[in-house]
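Topology and contacts: notes
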Amino acid sequence: MPTADRRLDVVMVGGGMITHDQLLPSIYQLQRLGAVGEISICALNGPPLRALATSPTLREAFPRQTFTPYPDFNQVTDEELFPHLYKEVVGDLPPRQCVVVAVPDQMHYEVLKVALAADQHVLCVKPLVLRYEQAVEIEKEAHQRGLVIGVEYHKRFDDRSLIARHRYRAGQLGEFMAGQSRLVEPWYYRHSNFQNWLTLKNSDAFTYIGCHYVDLVAFITGLRPVEVSVYGNVRKFPNGNEAFMWTDGRVVFENGACLNVLNGLGYLADGPGGNSQGMRLFCEKGDRGGIIDHSDDFRGVKHGFDAADGHGYQEPNPDFFRLIDLGGEGLTPVGYGYRSVAYTVNAMARVERETAGLAEPQALKKRQALLQEYDREGIMATPKNSSYNELVMEAGRLSILHGGRHVVIRYGERPGIAFKNEFEFPNYGD
Ligand SMILES: NC(=O)c1ccc[n+]([C@@H]2O[C@H](COP(=O)([O-])OP(=O)(O)OC[C@H]3O[C@@H](n4cnc5c(N)ncnc54)[C@H](O)[C@@H]3O)[C@@H](O)[C@H]2O)c1
């Protein structure tokens, strides 16, 4: 639970699926708890904002809460587009509030730049940006201004991830050597806005979805990824656009461990769960083996009724994000999707609380010290502690566009990626 005693006003840029399903209900809950003040939401046009304002789910959970829409969907036609309106709305926010970035991946960088220029803390959905050098630029600018940038990798806030991380780092599970991960998103994604942008030239299933488990394995083990190769199976969206709809990636970590990363947009529509996901990591220590095995789709809950309403049998995930009746008004969000947002907003509020009343030079120094603490702790993903994700995405794109060629990641003074020299395969002897 956040304990902020300073309310942050929030501007959310992007009013799509993730805003409806996770971010807005979390922000509403923080408003209910007194951690958040005014809420505004910007979208490209009116319809998504109307959908949020009239959503039966959100109305039931937060009957008395609302937000200011930009544009005002009652004043404009549905066809009018407002691609730059968010800049004014963010610019009008008093400094050191909170901007939530929830627009398509390729727009994150420009919205982050606008938010930083307006002196705002930022909660950004994954991936932060698409290029490593952009992540470094964002990190430096945020540090100079003493602003929190939290990247919303919510799997980190699943208790099972934190338990595994704690035990792994205490040496109780051995050292990761080889593993498999799988995240296949639902079929209906093919019929959504994805068909307009998740196309061959922009992205692929590995880039869009694979980062979750790559980040999680690095989060648990502390190991950095150093080599990537990705195969893509090209299929068509309903509108005819082509995409790397199914991908199989191999990520090698700095200790030689390898992770197989299977991704796709294609979990069967009639399946009992929301998607297919999980990971199995095999470890070693001395003459003994270890294992971390998470079933992240079926979590032991089965609901069903032979009703004619089409819901049938389900295996719901109770742990990600649910709105439950805990008494009081409306419903209460629970789960790691909520905890992730609350943690980040609380981290921003703490920076403001602990520097309130200080003269500017001291306040900035203290803010920067807190940012370094967040970077070092590594619980919340920041540009500094998670930019290996951008390197992996860049490497993955290069690989998939070249038939799965191996791409290496170099760290040190000037991190970057390059094709693996094909003549440098290890020599295992005769
Ligand atoms: N598991 C996760 O962490 C997770 C899950 C889903 C989505 N996401 C990320 O969230 C982001 C958004 O995904 P989504 O599924 O909500 O997409 P979406 O297509 O449903 O929504 C995108 C929203 O951005 C708005 N938008 C576009 N251009 C804009 C502009 N110029 N100004 C203001 N608003 C603008 C659109 O109006 C729309 O409301 C993506 O980066 C995606 O990768 C993360």
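In this report, the structure presented in the accompanying data block is examined. (Residues numbered from 1 in each chain as written. Predicted model: local features only at pLDDT ≥ 70, side-chain atom pairs only at ≥ 80, totals over all residues. Heavy atoms only, no water.)

1. A word on the packing of aromatic side chains
Applying the stated criterion across every chain, the model contains 10 aromatic pairs. On the numbers, 5.4 Å between centres and 35° between planes, the contact of F194 with W197 is tilted. In this pair, F194 and W197 are both assigned in helix α8 (residues 194–197), three residues apart and thus about one turn of the helix distant. Here the two residues F194 and W197 agree in accessibility, since each one is buried. The cationic tip of R224 hangs over the ring face of Y411; the distance from NZ or CZ to the ring centre is 4.1 Å. Across from the ring centre of F419, 3.8 Å away, lies the NZ or CZ of R405, which sits over that ring. (Phe/Tyr/Trp six-rings, centres within 6.5 Å; stacked < 30°, edge-to-face > 60°. Helix = DSSP H or I, 4+ residues; strand = E, 2+ residues; numbered from the N terminus. Buried < 20%, exposed > 50% of the residue type's maximum accessible area, 1.4 Å probe, protein only. Lys NZ or Arg CZ within 6 Å of the ring centre and 35° of its normal.)

2. Thoughts on the site of the ligand
Close to the ligand lie 24 residues, the nearest being G15, M17, D105, H108 and N193. Note that a nitrogen atom of the ligand is positioned 3.5 Å from one of the side-chain N or O atoms of H154. Residue N193 places a side-chain N or O atom 3.0 Å away from an oxygen atom belonging to the ligand. Coverage of the ligand by the protein chains reaches 91% of its 850 Å² of free accessible surface. Elements represented by at least two residues in the shell around the ligand include exactly α1 (17–32) and α9 (205–221). Considering only residue class, the shell around the ligand consists of 15 nonpolar, seven polar and two charged. (Near = heavy atom within 4 Å. Polar contact = N/O pair within 3.5 Å; in protein donor to acceptor, adjacent residues only side chain to side chain. Areas by Shrake-Rupley, 256 points an atom, 1.4 Å probe, with all protein chains shown as cover. Nonpolar A, V, L, I, M, F, W, Y, C, P; charged D, E, K, R; others polar.)

3. Points about empty space enclosed by the protein
A complete count under the given rule lists one cavity of 30 Å³ or more for this structure. Its boundaries defined by the atoms lining it, the largest cavity holds a volume of some 40 Å³. Taken together, K155, D158, S161, L216, D296, R299 and Y336 form the lining of the largest cavity. (1 Å grid on protein atoms, 1.4 Å probe; cavity = no way out; pocket = protein on both sides within 12 Å on 5 of 7 lines; lining within 4 Å. Points joined across faces, edges and corners; volume = space filled by probe spheres on them.)

4. So, the pairing of strand β6 (residues 149–152)
Side chains I149 and V151 of β6 all project onto a buried face; the interleaved residues G150 and E152 project onto the opposite face, where all are buried too. By the bridge criterion, four bridges tie strand β5 (residues 121–125) to β6 in an arrangement that is parallel. Bridge pairing in β6 links V125 to E152. (Pairing = 2+ DSSP bridges.)

5. Structural notes on helix α5 (residues 108–117)
Of the positions making up α5, those classed as buried are H108, V111, L112, V114, A115 and L116. In the core, the buried residues of α5 are packed alongside β1 (8–13), α4 (85–92), β4 (98–101), β5, α6 (132–145) and β6. Just downstream of α5, D119 is the residue with a positive phi angle, here 60°. (Contact = heavy atoms within 4.5 Å.)

6. Considerations on unusual backbone geometry
Following Y70, the chain continues to P71 via a peptide bond in cis, the omega torsion being 0°. Put simply, K126 and P127 share a cis peptide bond, and its omega is -15°. Within the element layout of this structure, P127 appears in the loop between β5 and α6. Even without being glycine, R96 reaches a positive phi, approximately 65°. Checked against the element boundaries, R96 lands in the loop between α4 and β4. Of note, D119 is a non-glycine position whose phi angle comes to about 60°, a positive value. Mapped onto the secondary structure, D119 falls in the loop between α5 and β5.

7. Concerning the side chain of D375
Position of D375 relative to the elements: it lies in helix α11 (residues 360–377). Within the buried set, D375 has no salt-bridge partner at all; the shortest N-O distance to an opposite charge, 5.8 Å, is to K384. Setting aside chain neighbours within four positions, we find D375 in contact with T382, K384 and N385. (Lys, Arg positive; Asp, Glu negative; His and termini not counted. Salt bridge = Lys/Arg side-chain N within 4 Å of Asp/Glu carboxyl O.)

8. Some points on the layout of surface pockets
Picture a little ball the size of a water molecule; that probe, rolled over the atoms, points out where space is still empty. Volume-wise, the second largest pocket comes out at about 470 Å³. Along the walls of the second largest pocket sit 25 residues, with K384, N385, S386, S387 and Y388 positioned nearest its centre. Put simply, the parts of the chain that give the lining of the second largest pocket at least two residues each are α6, α7 (159–169), α9, α11, α12 (383–386) and α13 (388–400). Residue contributions to the lining of the second largest pocket peak at four residues, all from α6. When its residues are assigned to classes, the lining of the second largest pocket shows nine nonpolar, six polar and 10 charged.

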